[in-house]
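Spelled out, the chains give:
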Amino acid sequence: MKYVFPYERVKLLNQLELSIYKYIIAHPAEVANMTIRQLAKKSHVSPTTILRFLRKMNFDGYSEFKYALKRQQKIEVEQPSQQQSVPMGQFFDQVNDDHFLNKISQAAQFIVDADTSLFFGLGTSGSLAQYGSRLLANYGLYTLSFTDPFQPKPLARRDFSDTLLILLSVSGETMQVLDQAKFYRENGARTMSITANRYSTLAQLVDFNISYNVPEVRMADLNLTSQIPVVFLLEQIGIKAHKDLLKSTNGKKDSAF
């Protein structure tokens with residue numbers, strides 16, 4: 001699918017256009033047989049928005065796009081092992097982009113600058129919050145995690161100005177996660193999130209956000225979206241933070257002589 005939608009163009013999409021992109025990469029076989037009006041209805045946008053999206057993707061029109069999509073599907077039929085990994089392939093196309101690498105560097109700097117980093121998430125994201133906390137601790141960074149959304153808040157006002165709160169949420173719309181972000185921001189903490197949607201409420205609320213932009217997969221109330229991007233990002237951020245911390249520590253030692 002990377003041949004249909006190169007990441008250097010995907011990162012320029014607005015919120016409506018990104019919803020089209022996510023729908024297409026999640027349902028390529030169905031879209032290949034849809035009219036532009038059917039796709040507009042399914043992705044909750046207008047046909048004009050789809051045409052604008054396609055122009056950003058360097059297609060002259062809907063017919064050219066469908067031809068490219070069917071050609072890509074033919075390649076994936078001949079190489080079936082690739083078919084299930086399309087969203088992940090799209091994600092890993094992003095990670096070598098300078099903009100994305102800069103995001104990882106910025107996230108690492110947030111962690112190095114903080115006296116304490118706190119991870120928070122619910123469900124699967126809660127498990128990954130614990131993993132992220134342990135990972136950074138292994139790198140020598142003081143980090144804790146909590147996964148209880150009903151944890152009592154202090155009665156007295158607290159100063160969290162040296163604290164970084166890292167929030168993990170696929171949708172970026174979970175109320176308990178948003179409540180934690182608001183509470184810590186109101187008490188001086190810096191906030192950072194890792195989400196699947198850069199236009200989510202959480203992404204707009206925090207000081208810094210990294211979005212991996214893969215389509216959400218749901219079954220009833222369960223969110224089955226792959227967490228591979230989150231693990232990858234946590235590990236890359238951890239490695240970069242560790243390197244920056246060592247550089248900072250060695251720099252202080254050198255200046256002491």
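Residues numbered from 1 in each chain as written. Predicted model: local features only at pLDDT ≥ 70, side-chain atom pairs only at ≥ 80, totals over all residues. Heavy atoms only, no water.

Undergrad: Whenever I open this one, the packing of aromatic side chains confuses me. Can you help?
TA: As enumerated under the stated definition, the model contains eight aromatic pairs in all. Taking 5.8 Å as the distance between ring centres and 70° as the angle between the ring planes, the aromatic pair formed by F59 and F65 counts as edge-to-face. Of the aromatic side chains, those joined through ring pairs into one cluster are F120, F146, F160, F183 and Y184. Positioned over the ring face of F110 is R190, at 3.9 Å from the centre of the ring. (Phe/Tyr/Trp six-rings, centres within 6.5 Å; stacked < 30°, edge-to-face > 60°. Lys NZ or Arg CZ within 6 Å of the ring centre and 35° of its normal.)

Undergrad: Would you take a moment to explain helix 2 (residues 15-26) for this structure?
TA: Note that an α-helix has 3.6 residues per turn; residues three or four places apart therefore point the same way. If you check helix 2, its first and last C-alpha atoms are 17 Å apart, about what 12 residues at 1.5 Å a residue would give, namely 16 Å. Buried within helix 2 we find E17, L18, I20, Y21, K22, Y23, I24 and I25. The N-cap residue of helix 2 is N14: its side-chain oxygen and the backbone nitrogen of L16 are 3.2 Å apart. (Helix = DSSP H or I, 4+ residues; strand = E, 2+ residues; numbered from the N terminus. Expected span 1.5 Å × (residues − 1). Buried < 20%, exposed > 50% of the residue type's maximum accessible area, 1.4 Å probe, protein only. Polar contact = N/O pair within 3.5 Å; in protein donor to acceptor, adjacent residues only side chain to side chain.)

Undergrad: Just to check I follow, could you spell out the side chain of E17 for this structure?
TA: Position of E17 among the secondary structure elements: in helix 2. Residue class for E17 comes out buried when judged on its relative accessible area of 0%. Of note is the side chain of E17, whose polar atom sits 3.2 Å from the side chain of R52. Look past the residues within four positions of E17 in its chain and what remains in contact with it is T49, R52, F53 and K56. (Contact = heavy atoms within 4.5 Å.)

Undergrad: It is not clear to me how the pattern of salt bridges should be interpreted in this structure. Could you clarify?
TA: Between side chains of opposite charge, a pair can form when the charged atoms approach closely. One pass over the full model with this rule turns up four salt bridges. Between E17 and K56 there is a salt bridge, and its shortest N-O distance comes to 2.8 Å. Taken together, the positions of E17 in helix 2 and K56 in helix 5 (residues 47-56) put the pair 39 residues apart, joining distant regions of the chain. Given the relative accessible area of 30%, K56 is considered partly exposed. (Salt bridge = Lys/Arg side-chain N within 4 Å of Asp/Glu carboxyl O.)

Undergrad: Explanation requested: the packing of helix 2 against helix 5 in the structure shown.
TA: Helix packing geometry: the angle between the two helix axes and the distance between the axes. Contact geometry for helix 2 and helix 5: axes closest at 10 Å, N-to-C directions at 80°. Here helix 2 is positioned roughly perpendicular relative to helix 5, judged by the angle of their axes. Listed contacts from helix 5 to L16, E17, I20, Y21 and I24 of helix 2 are T49, I50, R52, F53 and K56. Of the residues contributing to the contact of helix 2 with helix 5, the split by class is six nonpolar, one polar and three charged. (Axes fitted to C-alpha atoms, helices over the stretch in contact; angles between N-to-C directions. Parallel < 35°, antiparallel > 145°, perpendicular 65-115°, else oblique. Nonpolar A, V, L, I, M, F, W, Y, C, P; charged D, E, K, R; others polar.)

Undergrad: Can you help me understand the sheet that holds strand 1 (residues 116-120) in this one?
TA: As summarised here, the arrangement of the five strands in space is 2-1-3-4-5, forming an open sheet in which the pairing is parallel. Every interior strand has two partners, whereas the edge strands, strand 2 (143-146) and strand 5 (208-211), have only one. Adjacent strand axes in the sheet meet at a mean angle of 20°, parallel and antiparallel pairs treated alike. Where strand 1 lies against strand 2, four bridges are found, and the strand directions are parallel. Its bridge partner being in strand 2, L118 is matched across the sheet by L144. Docked against the sheet, helix 8 (residues 98-113) engages strand 1, strand 3 (163-168), strand 4 (190-195) and strand 5, running at close to 140° with respect to strand 5. Its contacts with the sheet put helix 9 (residues 124-138) on strand 1, strand 2 and strand 3, and the angle it makes with strand 2 is roughly 170°. (Pairing = 2+ DSSP bridges.)

Undergrad: Before we go on, may I ask you to explain the pairing of strand 5 in this structure?
TA: Within a regular strand, side chains alternate between the sheet's two faces. The alternating pattern of strand 5 places F208 and I210 and N209 and S211 on opposite faces, both of which are buried. Pairing geometry for strand 4 and strand 5, over four bridges, is parallel. When the bridges of strand 5 are listed, T195 appears paired with S211.

Undergrad: So what exactly am I meant to see when it comes to the confidence of the model for the protein chain here?
TA: Do not read the fine detail of predicted coordinates wherever pLDDT is low. For the protein chain, mean pLDDT is 84; residues scoring 70 or higher make up 87% of the total. Segment residues 80-84: pLDDT under 50, and one contact once partners within four positions in sequence are set aside and those in other chains are kept. (pLDDT = per-residue confidence, 0-100.)

Undergrad: Help me understand the side chain of Q227 in this model?
TA: When you line up the elements, Q227 lands in the loop between strand 7 (222-223) and helix 12 (228-255). Beyond its immediate sequence surroundings of up to four residues, Q227 is in contact with T124, S125, L128, V170 and Y212.

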